[in-house]
Structures are given as structure tokens and as C-alpha cells.
Amino acid sequence: MQAQLSRQATFRRATGRRANAARLPFVPLLLATLLLGACAPMPQQLRELVQDGRNEDAIERGEKFLEDNRFGPALPEEMYEVETLIARASLNVARKRDTVEAYRTFRKNVPETQATAKLLAQAYNHEAAAWYRDITLRADSLQAHRAFRKRYPGSEAVGRSRLREAQIAFGLARQAGTMQALDRFHVLYERWPEAAPVLKDA
């Protein structure tokens, strides 16, 4: 009996040593993985954060990097890419909220540089689309559509706004029920390509 217990104890010790030995290679592998992640170039770190949807973390880490490297040693190319990624993460945050105020805040806080120009243009169009959706179409009047185009003359929604204005104006002319009102409608909108479908029925 005592001999059997001794053999079991010896087996357990040997098994434990083998298990520990099997686990040991994974420890340096894990440490190496963590170190490689920490030492990855900043653009790569930010890109991975953005891809994972951790936009706020990307913004915070990127801004700290820019501050720490204002006078070097980061290369200009690396700084440029970090600026771009910060702006992209910031635009992602604004798009998640999808409000006029969110896009306006983005355009106010992000400086226009070669790195951010395209993203600022995208934010302008998103802001205009949000205004058109939430404010212009809610009022849906001649004045609202004219005010929208004055505020966002370069918006991709300008064509839709002009078509909608022509539709509203035609409806008001028909409601007036006079030839004078219909003639005035033609004079005002006959040169608008967007009004062509409405003029066809006028």
C-alpha cells in the first residue's frame, strides 16, 4: 500500500512538471505579443482602434502622440497619417450621432490641413444632409428650401431641394387657381433643370 502511494505521488510530481513545462513557452509568446502591440507604429495602433470601433480611444491616443512629438522625433509622414486617423475617428463619432450639431462641432474642432481636407468635405455634406432631413423637410416650405440652399450652397442635396421647391410652388399656383399664378410659376422655374418634371405637368 505504501509503495502504491509513493508511485502515485511520483506520478503527480512528474505530471505537474510536464504541465508546467508545456505552459512555459506560452508565457514569453504572450509577452512578446503584448510588447509588439505596444511598440507598433502609432498609425497602426490608431488604425486598429478605429477598425474596432474604439474611436474615442483613437482620438485620445493620437492627440497625445501629436503633443509629445510636436518638435520630434516622429517623421512628418507619421504625423500626417496620425492627423488623418484622428480626424477619421472624430468623424465616425459625429456620424454615430448624425446631427447637425455633431457635424458642426467636428468642422469647428478639426483644423483644415492637407490631411483632413477630404474628411471636412464629407462632414460638410453630412451636416447639410442632416439639416435638410431634420429642419428643411420638417418645415417643407419655399422659405425653408431657399434658406437651406443659401446655408449649404455646395451640398449634394441642393438638386433635391430645388425640385421640392418647384413642386411646392406649383401646388401653390394651382391652389391660387389663376392664369397669372401659373404664368408666374413658369417664369420663375422654367430655367431650372430640376423643375422639368413639374413643368411637364404644369
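The present account deals with the structure reproduced in this document. (Residues numbered from 1 in each chain as written. Predicted model: local features only at pLDDT ≥ 70, side-chain atom pairs only at ≥ 80, totals over all residues. Heavy atoms only, no water.)

Details of unusual backbone geometry
Part 1 of the reasoning: Here the residue pair Gly72 and Pro73 is connected by a cis peptide bond, since its omega of 10 degrees sits within 30 degrees of zero.
Part 2 of the reasoning: By secondary structure assignment, the location of Pro73 is in the loop between helix H4 (55-68) and helix H5 (76-97).
Part 3 of the reasoning: The backbone of Asp98 shows a phi angle near 55 degrees, a positive value even though the residue is not glycine.
Part 4 of the reasoning: Classification of Asp98 by relative accessible area gives partly exposed; the value is 30%.
Part 5 of the reasoning: Non-glycine residue Asp140 carries a positive phi angle of around 50 degrees.
Part 6 of the reasoning: Structurally, Asp140 can be placed in the loop between helix H7 (117-139) and helix H8 (142-151).
Part 7 of the reasoning: Overall, Asp140 belongs to the partly exposed group, its relative accessible area being 25%. (Helix = DSSP H or I, 4+ residues; strand = E, 2+ residues; numbered from the N terminus. Buried < 20%, exposed > 50% of the residue type's maximum accessible area, 1.4 Å probe, protein only.)

Describing the packing of aromatic side chains
Part 1 of the reasoning: The tally for this structure, following the rule as stated, stands at seven aromatic pairs.
Part 2 of the reasoning: Members of the aromatic cluster, each reached through a chain of ring pairs, are Tyr124, Trp131, Tyr132, Phe148 and Tyr152.
Part 3 of the reasoning: Directly above the aromatic system of Trp192 lies the positively charged group of Arg162, at a separation of 3.9 Å from the ring centroid. (Phe/Tyr/Trp six-rings, centres within 6.5 Å; stacked < 30°, edge-to-face > 60°. Lys NZ or Arg CZ within 6 Å of the ring centre and 35° of its normal.)

Points about the pattern of salt bridges
Opposite charge on two side chains makes pairing possible when the charged atoms of those side chains draw close.
Part 1 of the reasoning: Counting across every chain of the model gives twelve salt bridges.
Part 2 of the reasoning: Taking the shortest distance from any N to any O, the salt bridge between Lys64 and Asp68 comes out at 2.8 Å. Note that Lys64 and Asp68 are positioned in helix H4 at a spacing of four residues, about one turn of the helix.
Part 3 of the reasoning: We classify Lys64 as exposed; its relative accessible area is 53%.
Part 4 of the reasoning: Taking the relative accessible area as the measure of exposure, Asp68 reaches 46% and is therefore partly exposed.
Part 5 of the reasoning: With a closest N to O distance of 2.8 Å, Arg164 and Asp140 form a salt bridge. On the criterion of sequence distance, the pair formed by Arg164 in helix H9 (residues 158-176) and Asp140 in the loop between H7 and H8 is long-range, its members being 24 residues apart.
Part 6 of the reasoning: Using a relative accessible area of 28% as the deciding quantity, one classes Arg164 as partly exposed.
Part 7 of the reasoning: Here the salt bridges do not stand alone but share partners, grouping Asp98, Arg133 and Asp134 into one network. (Salt bridge = Lys/Arg side-chain N within 4 Å of Asp/Glu carboxyl O.)

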